[in-house]
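This is what each chain is made of:
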Amino acid sequence: MNINNLITELVNYGIDKGLIDNADTVYTTNRLLELFQLNSYTYEKVEGHREIHLILNDMLDYAIDKGFLEDTITNRDLFDTKIMGLLTPAPSVIRSEFLKRYEISPQEATNFYYDFSRATNYIRNDRIIKDEKWTSDTEFGLMDITINLSKPEKDPRDIAKAAQGISTDKSDYPACLLCYENEGYAGHFSHPARQNHRIIPITLAGESYYLQYSPYVYYNEHCIIFNEKHTPMKIDKDCFAKLLDFVRQFPHYTAGSNADLPIVGGSILTHDHFQGGGYEFAMVRAPYETEFKLKDYPDIHAGIIKWPLSTIRLQSKNIDDLVEASSTILGLWRGYTDEEAFIFAETDGTPHSTITPIARMRDGLYEIDLVLRNNITTDEFPLGVYHPHQKYHHIKRENIGLIEVMGLAVLPARLKKEMAALEDAILSGKDLRADDQLAPHADWAEEWMKKYDNLTADNIHKIVQDEIADVFSHVLEDAGVYKRTAEGRAAFKRFTDLFTE
């Protein structure tokens, strides 16, 4: 590990990716020497460069070997981000370049910003490629399935240190992972480093927001649009206006919001934010099953789509009409109770109903999907009546958030190992119930195994993948407030009758 050569290679990388200019060579080299506690440097020509994670891994190994970095996952992540921060241009430089590219086209701007976020290692490409991804055909079309392997597990030593004196009160800085103060932040054991993080200011319906990409992108150009203020999530008229304004400014992107209630909401409800990106989700391809006219908005094309979650789709050239119509439907849904269909607006003063909205452009029209959500619980379903049911928890137990609503399953990393073991056990004829790891999957596996005449080493993996996708479609049906039955459709119509002709 020749640290001089590694520094030269990293500088080569920075120049090649446009992070630094040739004129910055000596300056950047000297900053790296300071970081690695070196007083001198001997230049030796290094041709080109390797992938960034390989350069950084060697630099981390050098720091560990010299004794000024402890070898834990969190320490490595904190330090390699610090290294990349020395090559990352100031926010003003990136924002200026983004605006210049936006004058060419919105897509040119986001292409630049996404490439930049990958080049700085803010988006960790080497980890993302570890995620297992596939598509499988279901009743609702091709579903996207991912087993998330990109987020590293915490080292017990890091967890112990994080518990030592790290404050969790409201004075924390930054207040959460989405706050704009994360830009350039050094991080600590309980908060990731962000020296290589740059954000883009945008205005949505007159309010200040920022655009960034997710460090662990679940799909192409997975972006986050977050409020400048650390303010709670809220689905309301303004939310619809902001989502539609975003797709007006970035018509090649989808934008949606998690719901604003526990169980049916996302993982961060304390900071108002949306998610979007340049990806066609399965939901987009869902056709209308029922179409109707809205009482007060004759120019809006409206209906219910063929989707496992109960979804109303609205289309129009007029953003204002869509905002008003969406707000009307939200207001009616929040106050709507239908005991026969087990829909309760509230119980004991606790509200249960809200909407997950998703906006996009399609063929010159603005389009917004309004997914009806309800978070009521019972003794039978303590995690939620409209939540993945117990029989599917061996595959998916977590909340159904925005990404899953749109048809992309984000499944836990444990499944990769468990499914590999399951495939081996099935092929070898082992008793699934005799294995603690496989026992939770036994009922499910024994049920679908009956459908196949011949399970072989050549077909078992694809079959397991398809059966997981089938579970995911049923999980989404569990989250649907109106089931796709005659009774469910009749109940859905009782609600839509409130605002249709």
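Shown above is the structure to which this text applies.
From a predicted model like this one, the values you see are computed outputs, not experimental measurements.

Parameters at a glance
- Residues numbered from 1 in each chain as written.
- Predicted model: local features only at pLDDT ≥ 70, side-chain atom pairs only at ≥ 80, totals over all residues.
- Heavy atoms only, no water.
- 1 Å grid on protein atoms, 1.4 Å probe; cavity = no way out; pocket = protein on both sides within 12 Å on 5 of 7 lines; lining within 4 Å.
- Points joined across faces, edges and corners; volume = space filled by probe spheres on them.
- Helix = DSSP H or I, 4+ residues; strand = E, 2+ residues; numbered from the N terminus.
- Nonpolar A, V, L, I, M, F, W, Y, C, P; charged D, E, K, R; others polar.
- Pairing = 2+ DSSP bridges.
- Axes fitted to C-alpha atoms, helices over the stretch in contact; angles between N-to-C directions.
- Contact = heavy atoms within 4.5 Å.
- Parallel < 35°, antiparallel > 145°, perpendicular 65-115°, else oblique.
- Left-handed = near helix turned anticlockwise from the far one by under 90°.
- Phe/Tyr/Trp six-rings, centres within 6.5 Å; stacked < 30°, edge-to-face > 60°.
- Buried < 20%, exposed > 50% of the residue type's maximum accessible area, 1.4 Å probe, protein only.

1. Notes on the layout of surface pockets
Right, so step 1: Considered as a void within the structure, the second largest pocket measures approximately 460 Å³ in volume.
Right, so step 2: Tyr13, Lys17, Asp115, Arg118 and Ala119 are the residues nearest the centre of the second largest pocket, which is lined by 22 residues in total.
Right, so step 3: Of all elements in the fold, only helix 3 (52-65), helix 5 (91-104), helix 6 (106-119) and helix 7 (125-128) reach the threshold of two or more residues within the lining of the second largest pocket.
Right, so step 4: At five residues, helix 6 tops the list of elements feeding residues into the lining of the second largest pocket.
Right, so step 5: Class assignment of the residues belonging to the lining of the second largest pocket gives a composition of ten nonpolar, five polar and seven charged.

2. A closer look at the sheet that holds strand 1 (residues 132-138)
Right, so step 1: The strand order across the open sheet built from three strands is 1-2-15, with neighbouring strands paired in mixed fashion. A single partner strand is all that each edge strand has here, and the edge strands are strand 1 and strand 15 (408-411). Taken pair by pair, the neighbouring strands of this sheet meet at an average axis angle of 25°, ignoring direction.
Right, so step 2: Here strand 2 (residues 141-147) pairs with strand 15 via four bridges, running parallel. If you follow threonine 146 over to strand 15, its bridge partner there is valine 410.
Right, so step 3: Sitting on the sheet, helix 14 (residues 460-479) touches strand 1, strand 2 and strand 15, and the angle it makes with strand 1 is about 70°.

3. Concerning the packing of helix 12 (residues 414-428) against helix 14
Right, so step 1: Here helix 12 crosses helix 14 at 125°, and the two axes come no closer than 10 Å. One finds that helix 12 runs oblique with respect to helix 14. Seen from above, helix 12 lies across helix 14 with right-handed handedness. Of the residues in helix 14, those touching helix 12 at Met419, Glu423, Ile426 and Leu427 are Ile460, His461, Val464 and Ile468.
Right, so step 2: In terms of residue class, the contact of helix 12 with helix 14 is made up of six nonpolar, one polar and one charged.

4. Observations regarding the packing of aromatic side chains
Right, so step 1: This structure, assessed with the given rule, holds 29 aromatic pairs.
Right, so step 2: Aromatic side chains tyrosine 102 and phenylalanine 250 sit 5.6 Å apart centroid to centroid with 70° between the ring planes, which places their arrangement in the edge-to-face category. Taken together, the positions of tyrosine 102 in helix 5 and phenylalanine 250 in the loop between helix 9 (237-249) and strand 6 (254-256) put the pair 148 residues apart, joining distant regions of the chain.
Right, so step 3: With a relative accessible area of 27%, tyrosine 102 lands in the partly exposed category.
Right, so step 4: With centroids separated by 6.3 Å and ring planes inclined at 70°, the aromatic side chains of phenylalanine 140 and tryptophan 307 adopt a geometry described as edge-to-face. Of the two residues, phenylalanine 140 sits in the loop between strand 1 and strand 2 while tryptophan 307 sits in the loop between strand 9 (297-305) and strand 10 (311-316), which places them 167 residues apart along the sequence.
Right, so step 5: Using a relative accessible area of 2% as the deciding quantity, one classes tryptophan 307 as buried.
Right, so step 6: Counting every residue linked through ring pairs, the aromatic cluster contains Phe98, Tyr102, Tyr113, Tyr114, Tyr213, Phe246 and Phe250.

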